[in-house]
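Observations on the three-dimensional arrangement
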Amino acid sequence: MTSHARGSSAGIEEELAQIRRYEDFSTTDWVKDAILERYRQSSIQHQNHNDNSWRAWWHLTFETAESWIVVLLVGAAIGLNSALIAIITDWLSDIKLGYCSHSWWLNQKFCCWEIEEDGCDNWNSWSEFMYLGPNIYVVKWFFYTLFATTCAYLVKKLAPYAAGSGISEIKCIIAGFVMKGFLGGWTLVMKSIGLTMAVASNLSIGKEGPSVHMACCVGNVISRCFKKFKTSKAEMKEILTASSAAGVAVAFGSPIGGVLFALEEMSTTFPNRTMWKSFFCAMIATIVLQAMNPFRTGKLVMFQVSYDRDWHFFEYLFVVVIGLFGGLYGALVIKFNLIVAQFRKNVLKNHPITETAVLAFVTAMIAYPNVFLRIDMTEIMGILFRECEGAGTENYHGLCDASETGRMVALLFIATVLRCFGTIMTYGARVPCGIFVPSMAIGATFGRMIGLLVKSWQENNPDLFLFASCRPDMPCITPGTYAFLGAAAALCGVMRITVSVVVIMFELTGQITYILPTMIALMITRAVGDWFGTGGIADRYIRLNGYPILDNDEQVFGVPVSHVMQENMTVMTATGMTFRKIETILENTNFQGFPVVEDLRSMILIGYIGRSELRYLLEKARVNKKAHDETICRFTPDGDEPEILTQTEIVDQDTNPDLRGSADSLDFGAYMDQTPITVHPKLYLETVMDMFKQLGPRVVLLEERGKLRGLVTVKDVLRYTAHIESVESPSTPHYSRECGGIFDKMSTWILKREQRYTQLQNRSSIEVNQTEESHEMDNRL
């Protein structure tokens, strides 16, 4: 076979893999869920309409206030969990440096709380404890690697869903994608524990992204204790949206920014009711976090800062430079991190612990020479954001000395490059990891570097026309504000969010002076980033993993929906179906529902019935009607009467109407959806996509003059989209061919090593089997 043929075959297989990846997912039917929720509410109103007892009053009152009670509990739990994680993370970040001699549970700050001198006798470093001398960095390397390795081990063995950021998956779950176990209690526990160790290991990751996942886990666990949220997907969607807003609120100390983040990034639909619940949940979570006061400084986050100087008009030129950097940074990180993610998915998927240990050790080794990489990212951002004049200033290793400007600029530039490389390689590893804080730290180092250069330029050339507006009696340039703008631009570049970032930064500083420069920088960042490709890193990971969610971007295909529809369908007929035949169809297929037609010859559509409804009816018929394999099952439409809902959690068996028929003949027509969503096969595909986005049906049936022609689901649309993209860009290089084939060579080397290890393992196992009897005798003797 020629190389061209092999390449063509590989391309076809890769395209088929891209298309097949949507076949195994399940989605929520929002139309059906809305009908069930309305039926539940009307049933409660009908049952208590004429009842004047206190029980009925309490039932109706609790029904009205139940959602707000759950939101209150969720918000309080999120705030408490965030405070505990902040305290433990702060302790672990210090415990790798040393320990408090009189109280081991105290970090360095509280161990030396009332000591104002430079030295603190109560705090002992590990290197001194082992008589190696002060500040031996090798000891810190050991703790960095230990924390990261332990975290990766716990995640792999106990909670695989705890790995990563979780924002991509939460977006899909809110949109209706079913992912069992992702929001479970065990995932919450292991992500909380693992996140503290991952952040303390000094990897280029943050805790702000995973805080959204943990907040949604809290919302899911608490709301599941209430029957209403077990049955209603729409109510659960509101709780998860509010939880995501609270997660960002406690991560940045920004309740309004959290609500806007949920609006801009997480949810495709955001009605007023959801907005108020998100606002209330974020407010409660922030109040609890402030009451806990984990840092004992009154600040909700370590890098909270305030400015008291005005902005000069000429500085907009440098705002543009920072905005350009944010857009280029976002495009660079998204592109190459996806290459690393694909490499990790194909080659390193069986070695998460080794990969994490190597990343932690290399990161610690690279960070040692640079003072801006040694300490925690939130702490370094707090230093870079501060002014050099006034109260609360800190001259960190000469950062505020004019004589050290050249050295500081070089160190900041190196820190920016190395942190960017570390983020590309680390984000997506099999530990709890976020990209918010690493991106902000990268932007802060770059922005502070620009600020130092501008300040040096102005001080050396005070008479230049650009600096004519500067007053001679006070500093003209504040480098900390440039770091602040750089952090905002980098975060916008990698996530492609604008409004929420502006508000988050406004709430972090408490000033409105820098809102306009921040808006300008983020608009430029967004424009540059979108020029390289739409969608932030969370959206790109959704496409990489093949989750069934439609993008909000307007796509034009110019074809009718018949190009996408499934024509080979499994259908139910109104007559001629037996009990055994229906059971066989359910056993041999995994479809979530089936169209119902008059007969296979005419294909006249009369309704649609879901898989769960059929299973419920078959089980009920076995018990109540003593149905057998040859029982005739009909689907007879019921004139003007509405569909009977068969959600067993909502309608009790004693109140649910009994099945019509006998042991020899049953009629399921009353339980069939007689008004499914149908469209003409010639309707444009874009219109059907809008229906999926706005209404959220699981399936749309294609009907022409009463006859069923086919059906289409979200998965069918995504498969068609993947096919069109592969056709339009057939020459797109494989991930391993990027970067000069480095990843291709690495994967080949790793696979050879795995094969060699397998051969040695098989050989050793044979030798062990041959000597097993003698070993057993030796042990007995």
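Residues numbered from 1 in each chain as written. Predicted model: local features only at pLDDT ≥ 70, side-chain atom pairs only at ≥ 80, totals over all residues. Heavy atoms only, no water.

Considerations on the nonpolar core
Grouped together as the largest cluster of nonpolar side chains are 146 residues, with contacts concentrated most on Ile-78, Phe-372, Phe-385 and Met-495. Apart from the residues within four sequence positions on either side, Phe-372 is in contact with Ile-380, Leu-384, Tyr-396, Leu-399, Met-408, Leu-411, Leu-412, Ala-415 and Arg-419. (Core = buried A, V, L, I, M, F, W, Y, C linked by side-chain atoms within 4.5 Å. Buried < 20%, exposed > 50% of the residue type's maximum accessible area, 1.4 Å probe, protein only. Contact = heavy atoms within 4.5 Å.)

Describing the packing of aromatic side chains
Tallied over the full model, the rule gives 23 aromatic pairs. Seen from their ring centres, Phe-252 and Phe-436 are 6.0 Å apart, and the 25 degrees between their planes marks the pair as stacked. Here the residue Phe-252 occupies a position in helix H11 (residues 233-252), and Phe-436 occupies one in helix H18 (residues 436-460), the gap between them amounting to 184 residues. Residue Phe-252 shares its accessibility class with Phe-436, and that shared class is buried. Each ring, one from Phe-635 and one from Phe-668, has its centre 5.9 Å from the other, and the planes form 70 degrees; the classification is edge-to-face. You can see Phe-635 sitting in the loop between strand S7 (632-634) and strand S8 (660-661) and its partner Phe-668 sitting in the loop between strand S9 (665-667) and strand S10 (678-679), a full 33 residues away along the chain. The same class applies to Phe-635 as to Phe-668, namely buried. Through a chain of ring-to-ring contacts, three or more aromatic side chains come together here, namely Phe-314, Phe-318, Trp-457 and Phe-467. (Phe/Tyr/Trp six-rings, centres within 6.5 Å; stacked < 30°, edge-to-face > 60°. Helix = DSSP H or I, 4+ residues; strand = E, 2+ residues; numbered from the N terminus.)

Brief notes about the sheet that holds strand S3 (residues 572-573)
Ordered in space as S3-S5-S6, the three strands form an open sheet in which the pairing is mixed. Edge positions in the sheet fall to S3 and strand S6 (605-610), since each has one partner strand and no second. The pairing of strand S5 (residues 593-597) with S6 spans five bridges and is antiparallel. Pairing of Pro-595 across the sheet is with Tyr-608, part of S6. Strands in contact with helix H24 (residues 611-624) are S3, S5 and S6; relative to S6, the strand with the most contacts, it is inclined by about 75 degrees. (Pairing = 2+ DSSP bridges. Axes fitted to C-alpha atoms, helices over the stretch in contact; angles between N-to-C directions.)

A short note on the packing of helix H3 (residues 54-95) against helix H9 (residues 208-223)
Running from N to C, H3 and H9 point in directions that differ by 140 degrees, and their axes come no closer than 9 Å. With respect to H9, the element H3 is oriented oblique. Crossing of H3 against H9: the hand is right-handed. Only Met-214, Ala-215, Val-218, Gly-219, Ile-222 and Ser-223 of H9 make contact with H3, whose side of the interface consists of Val-70, Leu-73, Val-74, Ala-77, Ile-78, Asn-81 and Ile-85. Looking at the contact of H3 with H9, its residues break down into ten nonpolar, three polar and no charged. (Parallel < 35°, antiparallel > 145°, perpendicular 65-115°, else oblique. Left-handed = near helix turned anticlockwise from the far one by under 90°. Nonpolar A, V, L, I, M, F, W, Y, C, P; charged D, E, K, R; others polar.)

Some points on the packing of helix H7 (residues 167-175) against helix H12 (residues 255-266)
Where H7 contacts H12, the axes come no closer than 11 Å and their chain directions differ by 75 degrees. It follows that H7 is roughly perpendicular to H12 by the angle criterion. Of the residues in H12, those touching H7 at Ile-167, Ile-170, Lys-171 and Ile-174 are Phe-261, Glu-265 and Met-266.

Considering the side chain of Ser-254
By the element assignment, Ser-254 lies in the loop between H11 and H12. Given a relative accessible area of 0%, Ser-254 falls into the buried group. Here the side chain of Ser-254 touches Gly-257 through a polar contact of 3.2 Å, landing on its backbone nitrogen. Excluding anything up to four places from it in sequence, Ser-254 contacts Ala-249, Val-503, Ile-504 and Glu-507. (Polar contact = N/O pair within 3.5 Å; in protein donor to acceptor, adjacent residues only side chain to side chain.)

A short note on H12
In this model H12 runs 15 Å from its N-terminal to its C-terminal C-alpha over twelve residues, within 8% of the 16 Å that 1.5 Å per residue would give. The complete set of buried residues in H12 reads Gly-257, Gly-258, Val-259, Phe-261, Ala-262, Glu-265 and Met-266. Looking at where H12 begins, the residue whose side-chain oxygen comes 3.2 Å from the main-chain nitrogen of Gly-257 is Ser-254. (Expected span 1.5 Å × (residues − 1).)

Quick notes on a nonpolar patch on the surface
Taken together, Trp-68, Ile-256, Met-275, Trp-276, Phe-279, Met-283 and Ile-287 make up a surface patch of nonpolar side chains, about 640 Å² in accessible area. Element by element, the count of residues in the nonpolar patch is highest for helix H13 (residues 272-292), at five residues. Looking at where Met-275 falls in the secondary structure, it is placed in helix H13. (Patch = residues over 30% accessible without salt bridge, like charges linked within 9 Å, V, L, I, M, F, W, Y side chains within 5 Å. Areas by Shrake-Rupley, 256 points an atom, 1.4 Å probe, with all protein chains shown as cover. Salt bridge = Lys/Arg side-chain N within 4 Å of Asp/Glu carboxyl O.)

Concerning the pattern of salt bridges
When the charged atoms of two side chains lie near each other, side chains of opposite charge can form a pair. Going through the model one piece at a time under the given rule, you end up with 17 salt bridges. A salt bridge links Glu-587 to Arg-580, with the shortest nitrogen-to-oxygen separation between them at 3.9 Å. Of the residues examined, Arg-580 reaches a relative accessible area of 37% and is grouped as partly exposed. In this structure, Arg-622 engages Asp-629 in a salt bridge whose closest nitrogen and oxygen atoms are separated by 3.3 Å.

Brief notes about the environment of Tyr-720
Along the chain, Tyr-720 turns up in helix H26 (residues 714-728). Between the C-alpha atom of Tyr-720 and that of His-563, which follows or precedes it by 157 residues, the distance is 8.5 Å. In contact with Tyr-720, not counting residues within four places along its chain, are Phe-557, Val-559, His-563, Val-564 and Leu-685.

Quick look at the sheet that holds strand S12 (residues 707-712)
By way of backbone hydrogen bonds, the strands of a sheet pair with one another, either parallel or antiparallel. Read across the sheet, three strands follow the order S10-S11-S12 without closing on themselves; strand pairing throughout is mixed. Across the chains shown, the open sheet's two edge strands, defined by having one partner strand only, are S10 and S12. Sheet topology note: the strand S11 (residues 700-704)/S12 ladder contains five bridges and is antiparallel. Across the sheet, residue Val-700 finds its bridge partner in S12, namely Val-712.

Remarks on the environment of Thr-241
With respect to the helices and strands, the residue Thr-241 is situated in helix H11. Spatially, the C-alpha atoms of Thr-241 and Lys-171 are 9.1 Å apart, while their sequence positions differ by 70 residues.

What to know about the pairing of S5
The buried count for S5 comes to five of five residues, which makes it a mostly enclosed element. Side chains Gly-593, Pro-595 and Val-597 project from S5 onto one buried face, and the interleaved Phe-594 and Val-596 project onto a second face that is buried too. As judged from the two bridges shared by S3 and S5, these two strands associate in the parallel manner. Bridge pairing in S5 links Met-572 to Val-596.

A word on the confidence of the model for the chain
Detailed conclusions should not be drawn from predicted coordinates in areas where pLDDT is low. Residues with a pLDDT of 70 or more make up 84% of the chain, whose mean pLDDT is 81. At the low end of the mean pLDDT range in the chain sits helix H28 (residues 772-780), at 40; at the high end sits helix H17 (residues 405-426), at 94. For residues 1-24, every residue scores under 50 in pLDDT, and the model assigns this stretch 22 contacts once sequence neighbours within four places are set aside. In the model, residues 760-781 has pLDDT below 50 throughout and makes zero contacts with residues more than four positions away in sequence or in other chains. (pLDDT = per-residue confidence, 0-100.)

A short note on unusual backbone geometry
With a phi angle near 55 degrees, Met-603 is a residue other than glycine that sits in the positive phi range. Relative to the helices and strands, Met-603 is located in the loop between S5 and S6. With relative accessibility at 18%, the residue Met-603 sits in the buried group. In this structure, Arg-705 takes a positive phi of about 55 degrees despite not being glycine. Inspection of the secondary structure puts Arg-705 in the loop between S11 and S12. Classification of Arg-705 as exposed rests on a relative accessible area of 84%.

Examining the environment of Val-333
Residue position: Val-333 is located in helix H14 (residues 316-346). The class for Val-333 is buried, based on a relative accessible area of 0%. Between the C-alpha atoms of Val-333 and Phe-421, which are 88 residues apart in sequence, the distance is 8.4 Å. Setting aside residues up to four positions removed in sequence, Val-333 forms contacts with Leu-338, Cys-420, Ile-424, Ile-435 and Val-494.

Notes on the side chain of Thr-89
Relative to the helices and strands, Thr-89 resides in helix H3. Relative accessible area serves as the criterion here: at 5%, Thr-89 is assigned to the buried category.

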